[in-house]
Amino acid sequence: MSKVYICTAIPYVNGNPHIGHAMDYLLADTYARFRRLLGDEVRFQVGTDEHGNKVFSTAQKNGKTVEEYAAENSQKFQDFVNKLNITYTDVIRTTDPDHIRRCQEIWQKLTPHIYSAEYDGWYCEGCESFVTKKEYDENGGVCSDHKKPYEKLSETNYYLRISDFKAEIRHQIETDGMKILPEFRKQEVLRLLEDAPDISISRPRGQLNWGVPVPGDETQVMYVWLDALSNYITILGYPDHEISDFWPATAQFVGKDILRFHTITWPAILLGLNLDLPENIVSHGHILVDGQKMSKSIGNVVDPIAVIERHGLEAFRYYFLRHADTFADSDFTWEKFDNAYANELANDLGNLVQRLATLCRKNEVCGLKVETEFSPEYLTMMGNFEFSKAFDYAWTKIQDLNRSIDQQKPWELAKTSPEKAKLVLTNLVKDLLSTSSYLEAFLPDTVSRILEIFGTMEIITPPATPLFPKN
Ligand code: MSP
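Every value quoted in this text rests on a predicted model; they were computed, and no experiment measured them.

With that out of the way, let us pick up helix α3 (residues 66-83). With 18 residues, α3 extends 25 Å between its outermost C-alpha atoms, agreeing within 8% with the 26 Å of an ideal straight helix rising 1.5 Å per residue. Among the residues of α3, those classed as buried are Val66, Tyr69, Ala70, Asn73, Ser74, Phe77, Gln78, Phe80 and Val81. The buried residues of α3 all sit within an arc of 170 degrees when viewed along its axis, so they share a single face. Of the surrounding elements, those touching the buried residues of α3 are α1 (22-37), β2 (41-48), α2 (53-61), β3 (90-93) and α11 (304-311).

What follows covers the site of the ligand. Neighbouring the ligand are 24 residues; Ile10, Asp24, Asp49, Asp257 and Ile287 lie closest to it. Between the ligand and aspartate 49, the relevant distance is 2.7 Å, taken from a nitrogen atom to a side-chain nitrogen or oxygen of the residue. Relative to its free-state accessible area of 660 Å², the ligand is covered by the protein chains to the extent of 92%. Secondary structure elements with two or more residues in the shell around the ligand: α1, α8 (224-229) and β11 (251-255). When its residues are assigned to classes, the shell around the ligand shows 13 nonpolar, 8 polar and 3 charged.

Its volume calculated, the second largest pocket comes out at about 310 Å³. As for the second largest pocket, its lining consists of 15 residues, of which Val370, Glu371, Thr372, Ser437 and Glu440 are closest to the centre. Among the secondary structure elements, those contributing two or more residues to the lining of the second largest pocket are α17 (418-439) and α18 (444-454). Among the elements that take part in the lining of the second largest pocket, α17 stands out by supplying 3 residues, more than any other. Residue composition of the lining of the second largest pocket, grouped by class: 8 nonpolar, 4 polar and 3 charged.

Moving on, we get to the pairing of strand β1 (residues 3-8). Along β1, 5 of the 6 residues are buried, which leaves the element largely enclosed by surrounding structure. Inspection of the sheet shows β1 paired to β2 by 5 bridges, in the parallel sense. From the neighbouring strand, cysteine 7 faces β2, where its bridge partner is glutamine 45. Where the polypeptide runs from β1 across α1 and back to β2, its parallel neighbour, the crossover connection is right-handed. For β1 and β11, the ladder comprises 3 bridges, and the chain directions are parallel. Residue pairing across strands places cysteine 7 opposite glutamine 252, the latter belonging to β11.

Reading the values: rules and limits
- Residues numbered from 1 in each chain as written.
- Predicted model: local features only at pLDDT ≥ 70, side-chain atom pairs only at ≥ 80, totals over all residues.
- Heavy atoms only, no water.
- Helix = DSSP H or I, 4+ residues; strand = E, 2+ residues; numbered from the N terminus.
- Expected span 1.5 Å × (residues − 1).
- Buried < 20%, exposed > 50% of the residue type's maximum accessible area, 1.4 Å probe, protein only.
- Arc of directions from axis to C-beta.
- Contact = heavy atoms within 4.5 Å.
- Near = heavy atom within 4 Å.
- Polar contact = N/O pair within 3.5 Å; in protein donor to acceptor, adjacent residues only side chain to side chain.
- Areas by Shrake-Rupley, 256 points an atom, 1.4 Å probe, with all protein chains shown as cover.
- Nonpolar A, V, L, I, M, F, W, Y, C, P; charged D, E, K, R; others polar.
- 1 Å grid on protein atoms, 1.4 Å probe; cavity = no way out; pocket = protein on both sides within 12 Å on 5 of 7 lines; lining within 4 Å.
- Points joined across faces, edges and corners; volume = space filled by probe spheres on them.
- Pairing = 2+ DSSP bridges.
- Right-handed = clockwise from strand over helix to strand, strands pointing away.

See the structure below:
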C-alpha cells in the first residue's frame, strides 16, 4: 500500500463555478478512486484561492466586502465539489489564518533567495501575472486570454531568484523526476524555462491590499501566486509538521493556462524550502462551448448545475471524463451532451443492464461477486493519466458485451436448453461485473447500482427505474 497525495488547482473566488472548473476535480477524483481501488491510501486536497486584486475588485463591483464575497463564493465552490461526488479529504481556503501564518513562515525560509528591486513592466490582473517584454510584444500589448490591455507597472517588489534553481528544475523535468504530462506540454515548459526571469513575489501595499502581509516589511503584500501555490503544503501542516508521509505530491492537476506557475514558480519555491518536487504535473486542456472560449462577454458560460440537472451527475461525469480529451481542448455543446446520454449511456449501458437483468429474472439466474484484475493496458493508461483513453477502453468492453448477448442469443437457448441459457447468462453477468470495475473510478454511482442488481446472491431482478431513463 502506498501513500498518495493528489492536488487540484484552487479556483479564484471572483465568480461562480463553470463547467471548465469541473475538470481538475473530475480528473483528480478519477485518479483518487483508481488508486484506492489498488489499495492505496489517498489524501486529496481541494480549496479556494481568495486573495489578489482580481477577487478584490470583483467584490467591490458587487458592492460587498471582500471577506463576505470571498466566503460566499468559496462556499459555492465547496458545494460544487460535493455535488460532483469528489472524494477529497482536505479543504483549504487561502484566507484560513493557519495558511496565512504558514505562508509567512515559508517566506522567511525563502529569504536567502529573495531580493528587492524595481519592477518596470506589465501585468495582467485577469491572470494575476507579470508579463515579460517578449510576451507583451508577441500579444501586441493585450492579454490573449482576457482580451484586456496589460497594465503598466513601475514599483518596488521582492523577487525570488529563479536563477538559483533553473538548472535543477530543468534536470528534474528532463529526467521525469517531476514528470509533466502530456509530453508536448513538457517540451513547452522546457522552452519557457530557457528565458524564465526571476519572479516578482510581492506588490506594494498601495497596489495590493488583499493578501498576506510580507513579514518584516509593512509596505509589501505577498503576490497572490506565492500564497496560492503554498496551499499544497500548508494544508499538510508545513512548516509546523513533518509532511514527508504525503509529500511530494503524487499528482497535481492543473489547466494548461496555469502550467507555468506549477512547473517553474512552484518548483523554485519547493527547492528554496529543500522540499522534493511533485512527482507528476498533469495538465488538462480547456473546455470550449460551441467551439469558443467561455466568456461572460460572449454570454456562453455554461452553468454546471444546469448540466447536472439535465441528465444527472453520472451523465456529467461521463461526458467530461470520456468526451473531453484529458489533455486537449474539448468542446461542450448541449447536442453532443444529449447524444452521448441517449446513444451511449442509455443505449449501450442502460439497455444492457435492463436487458440482461430481465433475461436473468426469466431464467432464474442469481447474482454473484467477482474479483477483477485490471488488464496491463488499462493499468498503463490509468497510470499515465490517460483517462479519456482508458474510459474508451472500458466502453469497448460494454459494446463487446452487447455484441456477445446478440450472438449467443440466450433467449433462444432457453427454449431448447435452459441449463445452457443459465450458464451463458451467468457468464455474461460475470463479464458485466468485471467490466464495471473498469468503470468504477469514472462512474461510481452507476457501478454501485450495477452491483446492487447483479452482485447479490439472489435471483437477479431488473431495476424498477432504468439506470438512464430516456427523457
Ligand atoms: N487561482 C488560480 C489557481 C491557483 S492554483 C495554486 C486559477 N484559478 S481559476 O479559477 O482561474 O482556474 C482554476 C482551474 O480551472 C485551473 O486549473 C484552470 O485551468 C481551470 N479552468 C478554468 N477554465 C477552464 C476551462 N474552460 N476548461 C478547463 N479548465 C479550466 O487559475
